[in-house]
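Descriptive analysis of the structure
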Amino acid sequence: MGLAIEAFGLTKRFGSFTAVDHVDLSVKEGEIFGLLGPNGAGKSTLVRMLTTLMRPTEGTAKVGGYDIVNQADEVRKIIGLVAEKLILYPRLNAVENLMFFGRLYGMGGEELRRKVDELIEMVRLERFKHFPIGGYSSGMRQRLNVVRALLHDPKILFLDEPTAMLDPQSIRFVRDLIKDLRKGGRTIILTTHIMDEAEELSDRVAIIDHGRILVVDTPEGLKARFGVSNLLEVFLELTGRDLRDRAENRVPIRAIGRV
Amino acid sequence: MIRTGARRAIYVTMVMAHKDLLDFWKAKMLVVSFTLFPIVMMAMFGYMFPSITSTNLYAGKFPSQYGRLPIGIVDEDGSRISEGIADQFAQLSSTTGLFSVRSFASLEVAKDKMTEGKLKGVLVIPRGFSEALSSNRQATLILIADDTNPQLASSIIGQVSSLIRIISEGVAASRISDIAAGADPEALLEPISLEREPFVKGSATTFQFLAPGFMALTVTMGTLSGLAASISREREQGTLDGIMSSPVPRYAVIASKLLAQTARGMLQSFIILAISMLFFGVRVYGNPLLMVLTMFLAVLSFSGIGIIITSIAGEQETAMTSLMLINMPMTFLSNVVFPIEQLPWFLQAIGKSLPLYYSADALRKIIVLNAQMHHIAPDLIVLVLYSLATLSAAIPIFVRSVSR
């Protein structure tokens, strides 16, 4: 099995603040790779660099074999992104939203229409597909947001907190969806704060803090290594138990961008 | 099927512009306000400047922005002659529609009415007026205008003077006829006269000056703020990440925003033109295609500045506030609302350094004077140079701002 993602010394600095600090990373094809870390640890910045939304200050990375700086367009063709914020237009309905994003990937005509119907059916929104999504519940919106990223059948999917703020039913639905997506051989990078989600879904996890990767292993391997029964204990052991919003830990938002 | 190269760039530009317009169309309240804005603006300005036309300004001697101002007349002389003068003044005021005249028994009563705000001026025929006239001396009338509003007072003084001049000329003409029978009193009173030949076809109203300026202003300001709002909103709501993580050329993102906002700006401009033509007598003498080209260049010339500000500002409120810094002075300095010649030299210099000055100028020449390409070429060259300079700086700044 080849590597879907390789990063070598990937670094991002905002002025004097280092958000991602010389990260080396390998993600195998077809695995679900969990990226865990406290707020401000550097997870989203790392994802933004790997999805070509942000240029690294130092280091290189390949996604699907393509360089994220020099072959950014090739990378963009094979990745799908579910970011922290919804990538959907609230005034447009489900069909209009999906048709728009499909066209950005060069899809069109009957092929796109069929794909849109299929995805809407997959997330059980057929009855609501002609309503503006601004009127949807958070769960409905997030289900649509996840399948939006699947329109062009990406080889590598980045999911940034896909179940945040959802009700238990929607969380279960999205987690089952993620498991189904892996069955097709797709590589998934899952960023989450929810430890049992990471444990349930990930083949391997990386714990990141202060811009550095502290550890990479399977959830079972990590629990065994630290002699604890769940991933949360491993996480707290590595990143500390103190709150992260103390004044000395806070960096002005402007200085760190979206970390 | 993934299209390649330029064809794909054009295709995705159209797709994104279509999405922006669809998104706009779905916001019904926004569409209503957007359509009403030019209607309200033009109606407001149209009725503010209804009667100043270049024709009556030169020929009729009665330029007025104000209708039938209340003026009092006090006849202290109380003679047959002074009564005749007062009657003539009242009659002329009525026929020209300048004043509504009321007589008062004393100056004190009239002044009281002025203090109450019920009169805007008082014309006094002082004692000894008729005696001076009868003994071939110059007789004097006294005008007291309400100068709590200097602009209004100055207008009243000008208009009353015009009416008194007519009355005075009448008196002079009758005297000349008495002295030199058979002579032409008009030739003796005004041996040299000035006749005006119109340069602009038809009757050139102030509105004909305003409408092209407002079209240029609306299309520029609408596009500028629309562009800033649209880019910032997409960034804030997160949808820009969806676009930027797809294989879409970066310049196509900007081009699509420009296209959608230009289409909106042009729609507003044409509403302005339609209202101006339907209700305020503006006629288009020039080539509509040249008009569209000028409006397109007007938008392009300022879009670079809009993109730079939006990119640096980061979020919507800052971007919109920063744009106000440009929009407000631009409105008053660019020969849109009033002639730039009224301004001190340094403000004129600033006005002439803004592209809106050139787009308003070109549009005015096309609409009013039927100017051809060679007449407006200097204006268009400035707009093209502005567009090239600002857009070539804006595109890398935008790309950097969304990938920082």
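Source: prediction; values computed, not measured. (Residues numbered from 1 in each chain as written. Chains lettered and ligands numbered in written order. Predicted model: local features only at pLDDT ≥ 70, side-chain atom pairs only at ≥ 80, totals over all residues. Heavy atoms only, no water.)

Helix and strand content of chain A: 10 helices and 10 strands. Against the compact-globule benchmark of 18 Å for 259 residues, chain A has a radius of gyration of 18 Å, which places it among compact chains. By its C-alpha atoms, chain A is 50 × 40 × 40 Å across when sized along the principal axes. With 259 residues in all, chain A has 53% of them scored as buried. Counted over contacts in chain A with a minimum sequence separation of 6, partners at least 24 positions apart contribute 66%. Within the structure as shown, chain A displays about 11300 Å² of accessible surface, and the carbon and sulfur contribution to it stands at 49%. Between the mean site of the 38 positive side-chain charges and the mean site of the 36 negative ones, chain A shows a separation of 4 Å. (Helix = DSSP H or I, 4+ residues; strand = E, 2+ residues; numbered from the N terminus. Rg over C-alpha atoms; globule rule 2.2 N^0.38 Å. Buried < 20%, exposed > 50% of the residue type's maximum accessible area, 1.4 Å probe, protein only. Contact = heavy atoms within 4.5 Å. Areas by Shrake-Rupley, 256 points an atom, 1.4 Å probe, with all protein chains shown as cover. Lys, Arg positive; Asp, Glu negative; His and termini not counted. Charge placed at Lys NZ, Arg CZ, Asp CG, Glu CD.)

All right, on to the packing of aromatic side chains then. What characterises a pair of aromatic rings is the spacing of the ring centres plus the angle enclosed by the ring planes. This model, assessed by the stated rule, comprises 8 aromatic pairs over all chains. Seen in terms of ring centroids, F128(A) and F131(A) are 6.4 Å apart; in terms of plane orientation they differ by 45°. Their pairing is tilted. Residue classification places F128(A) among the partly exposed residues on the basis of a relative accessible area of 26%. Judged by centre distance (5.0 Å) and plane angle (80°), the rings of Y357(B) and Y358(B) are edge-to-face. Taking relative accessible area as the criterion, Y357(B) reaches 13% and is therefore assigned buried. The class for Y358(B) is buried, based on a relative accessible area of 17%. In this structure an aromatic cluster arises from ring pairing among Y89(A), F100(A) and F101(A). Sitting above the plane of the F24(B) ring, R264(B) keeps its charged end 4.2 Å from the centroid. (Phe/Tyr/Trp six-rings, centres within 6.5 Å; stacked < 30°, edge-to-face > 60°. Lys NZ or Arg CZ within 6 Å of the ring centre and 35° of its normal.)

Further remarks concern helix α9 (residues 231-239) of chain A. Residue and element names in this part refer to chain A. Those residues of α9 that fall on the buried side of the exposure criterion are L231, V234, F235 and T239. Down the axis of α9, the buried set is contained in an arc of 105°. They therefore lie on one face. Its buried side turned inward, α9 meets β3 (32-36), α7 (195-201), β9 (204-209), β10 (212-217) and α8 (219-226). The opening residue of α9 is N230, an N-cap whose side-chain oxygen sits 3.2 Å from the backbone nitrogen of L232. Looking one or two places after α9, you find G240, whose phi comes out positive at around 90°. (Arc of directions from axis to C-beta. Polar contact = N/O pair within 3.5 Å; in protein donor to acceptor, adjacent residues only side chain to side chain.)

Let us now look at the packing of helix α3 (residues 94-104) of chain A against helix α1 (residues 5-26) of chain B. Direction vectors running N to C along α3(A) and α1(B) enclose 165°, while the axes themselves pass 9 Å from each other. Between α3(A) and α1(B), the crossing angle belongs to the class labelled roughly antiparallel. In the packing of α3(A) onto α1(B), the handedness of the crossing is left-handed. Taking contact as the criterion, the partners of E96(A), F100(A), R103(A) and L104(A) in α3(A) are, on α1(B), R8(B), Y11(B), V12(B), V15(B), M16(B), K19(B), L22(B) and K26(B). Along the lines of polarity and charge, the residues of the contact of α3(A) with α1(B) split into 7 nonpolar, no polar and 5 charged. (Axes fitted to C-alpha atoms, helices over the stretch in contact; angles between N-to-C directions. Parallel < 35°, antiparallel > 145°, perpendicular 65-115°, else oblique. Left-handed = near helix turned anticlockwise from the far one by under 90°. Nonpolar A, V, L, I, M, F, W, Y, C, P; charged D, E, K, R; others polar.)

Contacts between the two partners involve 33 residues from chain B, matched on the other side by 33 residues from chain A. Of the roughly 2900 Å² buried between chain B and chain A, counting both surfaces, carbon and sulfur atoms make up 55%. Applying the counting criterion to the chain B and chain A interface returns 3 salt bridges. One salt bridge in this structure joins E96(A) and K26(B), with 2.7 Å as the shortest N-O distance. Taken together, chain B and chain A are joined by 8 residue pairs in polar contact (both at pLDDT 80 or more). Listed by contribution, the elements that provide at least two residues to the side of chain B that touches chain A are α1, α9 (206-237) and α10 (239-244) of chain B. Partitioned by chemical class, the residues of the side of chain B that touches chain A number 15 nonpolar, 7 polar and 11 charged. (Buried area = accessible area lost by both parts, 1.4 Å probe. Salt bridge = Lys/Arg side-chain N within 4 Å of Asp/Glu carboxyl O.)

Further remarks concern the side chain of S387(B). With respect to the element layout, S387(B) can be found in helix α16 (residues 373-402). Contacts of S387(B), omitting those with residues within four sequence positions, involve L297(B), L300(B), S301(B) and S392(B).

Looking now at the confidence of the model for chain B. Residues and elements named next belong to chain B. For chain B, per-residue confidence averages 85 on the pLDDT scale, and 91% of positions sit at 70 or higher. Per-residue pLDDT stays below 50 along residues 51-63; that stretch engages in 25 contacts with residues further than four places along the chain or on separate chains. If you check the scores for this complex, the pTM reads 0.76 and the ipTM reads 0.90. (pLDDT = per-residue confidence, 0-100.)

All names here are of chain B. The sheet built from 4 strands is open, its strands ordered β2-β1-β3-β4 with mixed pairing. Edge positions in the open sheet fall to β2 (99-104) and β4 (142-145), since each of these has one partner strand only. If you compare each strand with its neighbour and ignore which way they point, the axes differ by 20° on average. Here 6 bridges tie strand β1 (residues 69-75) to β2, and the two strands are oriented parallel to one another. Note on β2: the bridge partner recorded for I71 is V101. (Pairing = 2+ DSSP bridges.)

Okay, the sheet that holds strand β1 (residues 3-14) of chain A next. Residues and elements named next belong to chain A. Taken in spatial order, the 4 strands line up as β2-β1-β4-β5 in an open sheet, and their pairing is antiparallel. If you trace the sheet from one side to the other, it starts and ends with β2 (17-28) and β5 (66-67), each paired once. Strand direction decides the pairing type here: β1 and strand β4 (residues 58-63), joined by 5 bridges, are antiparallel. Bridge pairing links F8 to T60 in β4. Relative to β1, helix α1 (residues 43-50) is tilted by about 120°, and along the sheet it contacts β1, β2 and β4.

This next bit is on the pattern of salt bridges. Under the counting rule described, the total for this entry stands at 30 salt bridges over all chains. Where R225(A) meets D217(A), a salt bridge forms, and the shortest distance between an N and an O atom there is 3.0 Å. Its salt-bridge partner being K113(B), residue E116(B) comes within 3.8 Å of it at the nearest N-O pair. A single network of salt bridges, built from pairs that share partners, joins R172(A), R175(A), D176(A), K179(A), D196(A), E197(A) and E200(A).

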